[in-house]
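# Chains, contacts and geometry: an overview
So the chains spell out like this:
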Amino acid sequence: YSEGVRNPTLFERLTGDDSGSFKENPGLRLESLRSASLLWLRDWGKGWTSHVGVSAMRWTDSLRAVNLNDVQQQFQNAPDPISGTVFETQLRWRRGAWDLLAQGALNRWRQGGGELDNASSSQAGLRAIWSRGPWSLAGEWRGVGSRSLQDHGRIPFQATLRTSLR
């Protein structure tokens with residue numbers, strides 16, 4: 001279990017600029033986050049490890065930039081709390097020159113009785129690293145599930161592939 005708070009920064013509270021594009025908001029409240037997690041870790045031997053976890057979170061008075069009109073924004077506390085649950089899993093194999101990792105997560109984020117804007121419901125990743133002396137070759141694939149974006153509809157699944165040689 002964990003609990004934390006964050007004070008709004010001076011920028012978030014007091015920034016107003018000459019162009020009028022940002023309006024100050026000295027009345028911002030503290031953000032607070034509470035979370036509880038349960039994690040199971042296992043060393044299977046011969047280089048294999050895994051973990052499975054579930055977490056629940058609640059974020060109140062989160063800060064966000066809000067459009068006041070066509071030209072002006074202001075930092076405000078969100079009117080509704082954000083709540084989320086996350087189920088995550090990971091499998092890893094390390095042996096000799098190799099380090100292989102597969103991971104995934106299912107997420108559910110809600111705010112004000114509906115789906116949280118711009119929050120994916122799934123994520124996955126695969127990574128392979130081969131190292132020998134000062135050299136390493138790595139490749140990583142990351143996928144992010146679809147999500148809705150206010151005023152833009154649904155953003156489809158997206159994937160990224162990265163490689164490196166050192």
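Refer to the structure presented above.
The present account deals with the structure reproduced in this document. Since we're looking at a predicted model, the values are computed, not measured.

## So, the overall build of the chain
If you tally the helices and strands in the chain, you get one helix and 13 strands. Compactness check: the chain gives a C-alpha radius of gyration of 21 Å against a globular reference of 15 Å for 166 residues, more than 25% above the reference. Its C-alpha atoms give the chain principal-axis dimensions of about 60 × 35 × 30 Å. Here the chain, with 166 residues, has 24% of them falling under the buried criterion. Relative to all contacts within the chain whose residues are 6 or more apart in sequence, the contacts with residues 24 or more apart total 48%. A distance of 13 Å separates the average location of the 21 positive side-chain charges in the chain from that of its 16 negative side-chain charges.

## Quick notes on empty space enclosed by the protein
In the structure shown here, the tally under the stated rule is one cavity of 30 Å³ or more. Of the pockets and cavities examined, the largest cavity occupies roughly 40 Å³. If you go around the largest cavity, the residues you meet are Leu101, Gln103, Gly125, Leu126, Arg127, Glu140 and Arg142. For the lining of the largest cavity, the secondary structure elements donating two or more residues are β7 (98–111), β9 (122–132) and β10 (135–144). If one sorts the elements of the lining of the largest cavity by residue count, β9 sits on top with three residues.

## Some details on the packing of aromatic side chains
Geometry of an aromatic ring pair is reported as the spacing of the ring centres plus the angle between the planes. This model, assessed by the stated rule, comprises six aromatic pairs. Here the aromatic rings of phenylalanine 11 and phenylalanine 22 are separated by 6.1 Å at their centres, their planes lie at 50°, and the arrangement is tilted. Within this pair, whereas phenylalanine 11 is found in helix α1 (residues 10–14), its partner phenylalanine 22 is found in the loop between α1 and β2 (31–45), the two being separated by eleven residues in sequence. Overall, the relative accessible area of 46% leaves phenylalanine 11 in the partly exposed class. On the basis of relative accessibility, which here comes to 16%, the residue phenylalanine 22 falls in the buried class. Each member of the aromatic cluster is reached from another via a ring pair, and the members are Phe11, Phe22 and Phe75. Positioned over the ring face of tryptophan 44 is arginine 42, at 4.2 Å from the centre of the ring.

## Some points on the environment of arginine 166
Relative to the elements of secondary structure, arginine 166 occurs in the segment after β13 (158–165). For the pair arginine 166 and leucine 137, spaced 29 residues apart in the sequence, the C-alpha separation amounts to 6.6 Å. Ignoring sequence-local partners within four residues, the contact set of arginine 166 consists of Pro134, Trp135 and Ser136.

Cut-offs applied
Residues numbered from 1 in each chain as written. Predicted model: local features only at pLDDT ≥ 70, side-chain atom pairs only at ≥ 80, totals over all residues. Heavy atoms only, no water. Helix = DSSP H or I, 4+ residues; strand = E, 2+ residues; numbered from the N terminus. Rg over C-alpha atoms; globule rule 2.2 N^0.38 Å. Buried < 20%, exposed > 50% of the residue type's maximum accessible area, 1.4 Å probe, protein only. Contact = heavy atoms within 4.5 Å. Lys, Arg positive; Asp, Glu negative; His and termini not counted. Charge placed at Lys NZ, Arg CZ, Asp CG, Glu CD. 1 Å grid on protein atoms, 1.4 Å probe; cavity = no way out; pocket = protein on both sides within 12 Å on 5 of 7 lines; lining within 4 Å. Points joined across faces, edges and corners; volume = space filled by probe spheres on them. Phe/Tyr/Trp six-rings, centres within 6.5 Å; stacked < 30°, edge-to-face > 60°. Lys NZ or Arg CZ within 6 Å of the ring centre and 35° of its normal.

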